[in-house]
Amino acid sequence: MGIYERAWRASTEAPESFWLKAAESIDWDVPPSRALDPSDAPLYRWFPDGRLNVCFNAVDRHVEAGRGEQVALIYDSPVSGVRSTYTYAQLKDEVAAFAGVLARLGVGQGDRVLIYMPMVPEAAIAMLACARIGAVHSVVFGGFAPHELAVRIDDANPKVIVSASCGIEGNRVIPYKPLLDRAIELALHKHDKTVILQRPQARAELGPDDLDWSDAIAGASPTDCVPIPATDPLYILYTSGTTGKPKGVVRDCGGYAVALHWSMGAVYDVGPGETMFTASDVGWVVGHSYIVYAPLLVGATTVLYEGKPVGTPDAGQFWRVAADYRVKTMFTAPTAFRAIRKVDPKGALTADHDLSHLRYLFLAGERLDPDTYHWANALLGIPVIDHWWQTETGWPIVANPVGLEIAPVKPGSPTRPLPGWDVRVFNAAGEAVPAGVEGAIVVKLPLPPGSLPTLWNDDDRFVASYLSIFDGYYLTGDSGYIDHDGYVFVMGRTDDVINVAGHRLSTGSMEEALATHPDVAECAVIGVADALKGQVPRGFVVLKAGTRREQGEVEAELVHLVRERIGAVAALKDVAVVAALPKTRSGKILRKTMRGIADGLDEPIPSTIEDPSVIEALRPILGRRRQTP
Ligand code: COA
Ligand code: AMP
């Protein structure tokens, strides 16, 4: 039996000792006497009697261990021209000071703080400051519009909001304050204070309840770490579900710290003093786990990059960053590599940089198409590791664990389930299917530490969405198969979630937005294949009888509407007015059939279709392929 298999077996056959051993890497104020608490199954808790502070583990303990002068965080921002570094000692001072600001504003253990910020170090500092005082942060991705932000404010009920005067998107400066003010206006919940980081690219006008970050921090008294129960929430991260109401994924402190620390060694092979560059955004789970918490928990150096893979200013920026900071492990989404390849098909820009320190490229967030895998592999000549995970899981479910034992790669598969994850494939009746047969991918309960214990304030929705479909199993929402060698192939979502440029979005919420237009009678949004972004949304609407509007005008209004309501990140650029939508006799819109036709597949027409002529009329419109420029 190889190292991987031994570890996987140990984790599933004796999870208690496996995870208690892993927990020894964390500094506890009260060490846990046991790992798993099943008393409230199917809601499981990890390390129920442990107490710790995650910020202490990510920052202070490295200073105490004599690593204060080591660089903890590198900020590299080609869009603003700034590059700076924070040693662990400096990071501790900044975080302690901002924790003091929050404490002075009345934020205490369990209170929520909403963070709506671009990729600046202060975003990570604000997150760690919350962790320091036992407050719960909820970071909202900057590409979301005021309505989406308001929904999150109303669910998380933050006491304080932390934001910045602007973000920088390529060459565009996006003022955040007007978006935030609009969201605050829309939200029913009223928070106490807003802290704004003023950026020189666009300063914000501050109101009576707003504090300037620099002023606030100048007078702050540094605050120490507050030990809290391991099962207390560290953060809430909203993610797209099938409806317009996002799911507030809760992350606990102890399980997350243990799992992330373990994953850094076993999966990413990054240890103290080594550098990890995760090109994502702190607004996504990848950013939470592998820009902020995991690299810091192990005492590594993390790179926070504010820019795009291409155009800021060129397609060689990832290579520059990797070379300048001697990055060992890099992590991004396949889309970023497709974008680089489009601009620099031969990867000629790598020649300008010394990539000899780069040992691994990890890709996740969407399916890694074999073509992109082969291109990256040939270009870099290092292991290219596809790995599969979700906001809910907090860390990878399936990966090739290079720190344990590297397995031969099968392009198209993220390899085998990691220790802690007992992955199965079921048919609709909940029976395991044979190897090679596609079905719903599920994970046997209990999920390992680090994965979501519940949804914020909504155990019922947690159980209904994930645990009630197959008794004793977590429904991932992805379909796929496991081959004879145990390799998992993830084929796509079974619900209304789509992945656009590695960003998880809900077609349901786009439909809800379209339906608010006064001329729309009904609508459908589907995700169709796109060569660059993996998937892009397309909308189809039927107008109310008697509407005498020019089609093109309504279509443009609808594109604008979704951008205004959900945000630019929704990337819905193609909405078509059609005569009718194909439905079953019971009135269900045949979205899967529409998607199949749009993707050019030989899609069978279900026998339950109400009127086959509707789909025939729609065929030419569905077939009109509009790739992103
Ligand atoms: N704030 C404000 N607007 C944002 C934003 C943010 N943080 N992030 C994206 N947007 C906007 C973009 O400017 C774009 O606006 P536009 O329609 O006016 O051009 C829109 O949202 C869509 O963004 P995106 O899908 O990212 O497209 P893009 O053309 O700007 O960039 C890629 C394409 C491939 C370069 C980019 O998506 C990328 O780097 N992807 C990597 C994926 C990634 O990091 N995923 C995270 C999970 S690992
Ligand atoms: P998110 O919650 O934003 O991380 O998105 C999670 C979803 O992205 C998963 O449910 C998958 O549909 C998809 N996904 C993430 N990583 C991969 C991968 N390596 N291969 C295929 N799909 C992936």
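Cut-off values and rules
Residues numbered from 1 in each chain as written. Chains lettered and ligands numbered in written order. Predicted model: local features only at pLDDT ≥ 70, side-chain atom pairs only at ≥ 80, totals over all residues. Heavy atoms only, no water. Helix = DSSP H or I, 4+ residues; strand = E, 2+ residues; numbered from the N terminus. Contact = heavy atoms within 4.5 Å. UniProt positions renumbered as here; feature names shortened; annotations may be inferred. Buried < 20%, exposed > 50% of the residue type's maximum accessible area, 1.4 Å probe, protein only. Near = heavy atom within 4 Å. Polar contact = N/O pair within 3.5 Å; in protein donor to acceptor, adjacent residues only side chain to side chain. Nonpolar A, V, L, I, M, F, W, Y, C, P; charged D, E, K, R; others polar. Disulfide = S-S within 2.5 Å. Areas by Shrake-Rupley, 256 points an atom, 1.4 Å probe, with all protein chains shown as cover. Salt bridge = Lys/Arg side-chain N within 4 Å of Asp/Glu carboxyl O. Pairing = 2+ DSSP bridges.

Q: Teacher, can you tell me more about the environment of Ile566 here?
A: Mapped onto the secondary structure, Ile566 falls in the loop between helix H16 (551–565) and strand S31 (575–577). Expressed as a C-alpha distance, the spacing of Ile566 and Glu148, which sit 418 residues apart in the sequence, is 5.8 Å. Not counting residues within four places of it along the chain, the set of residues in contact with Ile566 comprises Gly143, Phe144, Ala145, Glu148, Ser509, Met510 and Ala513.

Q: Would you mind showing me how to read the UniProt feature "domain: Acetyl-coenzyme A synthetase N-terminal" (unreviewed entry) in the chain here?
A: Feature annotation in UniProt places "domain: Acetyl-coenzyme A synthetase N-terminal" (unreviewed entry) on residues 4–58, given in this structure's numbering. Secondary structure over residues 4–58 splits into 42% helix and 11% strand, and the C-alpha atoms at its two ends are 27 Å apart.

Q: What should I look at first to understand helix H15 (residues 507–515) in this one?
A: Residue pairs spaced three or four apart in an α-helix point in one direction, given the helix's 3.6 residues per turn. Burial analysis of H15 places seven of its nine residues in the buried class, which makes it a mostly covered element. Every buried residue belonging to H15 is among Thr507, Gly508, Ser509, Met510, Glu511, Ala513 and Leu514, and all of these are buried. Buried-residue contacts for H15 involve strand S27 (497–500), strand S28 (503–506), strand S29 (520–530), strand S30 (534–543), H16 and helix H17 (591–598).

Q: Please clarify how the site of ligand 2 should be interpreted in this entry.
A: Taken together, 15 residues lie near ligand 2, and His387, Thr391, Asp478, Arg493 and Arg504 sit nearest. Within the backbone of Gly365, an N or O atom sits 3.1 Å from a nitrogen atom of ligand 2. Separating a nitrogen atom of ligand 2 from a side-chain N or O atom of Asp386 is a distance of 2.8 Å. Grouping the amino acids of the shell around ligand 2 by side-chain chemistry returns four nonpolar, five polar and six charged.

Q: Which parts of the structure should I look at to understand the state of the cysteines?
A: Disulfide: a covalent bond formed between the sulfur atoms of two cysteine residues. Inspection of the entire model under this criterion finds zero disulfides. The closest cysteine sulfur to the non-disulfide-bonded Cys130 is located on Cys55, 10.0 Å from its own sulfur. Here Cys130 falls in the buried class, since its relative accessible area comes to 0%. Summary of cysteine pairing: Cys225 is not part of a disulfide, and the nearest cysteine sulfur, belonging to Cys55, is at 4.6 Å.

Q: How should the site of ligand 1 be read in this particular structure?
A: Close to ligand 1 lie 23 residues; Glu169, Arg172, Lys308, Arg563 and Lys573 are nearest. One nitrogen or oxygen atom from the main chain of Gly142 is found 3.4 Å from a nitrogen atom belonging to ligand 1. Side-chain polar atom of Arg563 to an oxygen atom of ligand 1: 2.7 Å apart, as the coordinates give it. When ligand 1 is considered free in solution it has 930 Å² of accessible area, and contact with the protein chains removes 83% of it.

Q: I tried to follow the pattern of salt bridges on my own but got confused; where do I start?
A: Any two side chains of opposite charge can pair, given that their charged atoms come close. Summed over the entire model, instances satisfying the criterion amount to 38 salt bridges. Put simply, Glu553 and Arg549 hold a salt bridge, and the shortest N to O gap is 3.2 Å. We classify Arg549 as partly exposed; its relative accessible area is 30%. Across the pair Glu557 and Arg549 runs a salt bridge whose closest N-O atoms are separated by 2.5 Å. By relative accessible area, Glu557 is classed as partly exposed at 30%.

Q: So what exactly am I meant to see when it comes to the UniProt feature "domain: AMP-binding enzyme C-terminal" (unreviewed entry) in the chain here?
A: Feature annotation in UniProt places "domain: AMP-binding enzyme C-terminal" (unreviewed entry) on residues 510–588, given in this structure's numbering. Annotated as 27% helix and 30% strand, the span residues 510–588 places its first and last C-alpha atoms 17 Å apart.

Q: What should I look at first to understand the pairing of strand S14 (residues 233–239) in this one?
A: Within a regular strand, side chains alternate between the sheet's two faces. Summarising burial for S14: six of the seven residues are buried, a large majority. With six bridges connecting them, S14 and strand S15 (residues 247–252) associate as antiparallel partners. Within the sheet, the bridge partner assigned to Tyr235 lies in S15 and is Arg251.

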